[in-house]
Amino acid sequence: PPTQEPPTQEPPTQEPPTQEPPASGLMIEAEDMQLSGAFSARRNVGYIQLAPTDDDSSSGTASTTFSGPTDTYDIVVTYFDEKDGKSDFALSVNGTQKDSWTADGTFGNAIASDQSRTTRTISNVALTAGDTLQLFAQEDDGELGRIDSIKFVPATGSEPEPPTQEPPASGLMI
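Residues numbered from 1 in each chain as written. Predicted model: local features only at pLDDT ≥ 70, side-chain atom pairs only at ≥ 80, totals over all residues. Heavy atoms only, no water.

1. Concerning the confidence of the model for the chain
Put simply, the chain has an average pLDDT of 78, and 72% of its residues get 70 or more. In this model, residues 9–23 is a region of pLDDT below 50 whose contacts with residues beyond four sequence positions or in other chains number 4 contacts. Residue range residues 158–174 is modelled with pLDDT below 50. Its contacts to residues more than four positions away, or to other chains, number 3 contacts. (pLDDT = per-residue confidence, 0-100. Contact = heavy atoms within 4.5 Å.)

2. Points about the side chain of S92
With respect to the helices and strands, the residue S92 is situated in strand β7 (residues 87–93). Apart from residues lying up to four places away in sequence, S92 is in contact with Q97, K98, T132, L133 and Q134. (Helix = DSSP H or I, 4+ residues; strand = E, 2+ residues; numbered from the N terminus.)

3. Points about the sheet that holds strand β10 (residues 132–138)
Whenever strands of a sheet pair, they do so through backbone hydrogen bonds, lying parallel or antiparallel. An order of β2-β5-β10-β7-β8 is seen for the 5 strands of this open sheet, with the pairing classed as antiparallel. Each end of this open sheet is capped by a strand with a single partner; those strands are β2 (34–37) and β8 (96–103). With strand direction ignored, the average angle separating the axes of adjacent strands in the sheet is 20°. For strand β5 (residues 59–65) and β10, the ladder comprises 7 bridges, and the chain directions are antiparallel. Bridge pairing links S63 to Q134 in β10. (Pairing = 2+ DSSP bridges. Axes fitted to C-alpha atoms, helices over the stretch in contact; angles between N-to-C directions.)

4. Brief notes about the environment of E31
Counting through the fold element by element, E31 comes out in the loop between β1 (26–29) and β2. Leave out the neighbours within four places in its chain, and E31 touches A41, R43, G46, Y47, I48 and D148.

Listed below in structure tokens is the structure:
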């Protein structure tokens, strides 16, 4: 019987890696940051929190090295603001504090949940690749300084432009 040659296969082509457009920002999950003090990662639920103490002395720092392009950014910290305490937070870049706040809302309940998830935006922060960012938290009365993520969105430095109106389907514009 005649022998058949195996079919020839084209080598797989590799697509070049695609990069997210800069406007979408760079996000870092808190559990992927370097943790010190009383912080611990809760990987099964996707955030970090402080270990509770009886005297509200638990504090910690989550650090990361910025790897994005040099630019001015709005830094958006996603954290949990529960109704059972008033945790203190601070954000520093290369050891210089850029913002601090107290989580004193009464959102929904006393646990990390969709109702207690909120954000804090620190606007117009100049960053260069290699800068060290630190998020500090101090627990208070059962509120454990829970942090979900930080996102870096390039700052525009100007007011947003009004939305552009598309002409109607008929082509007439009023």
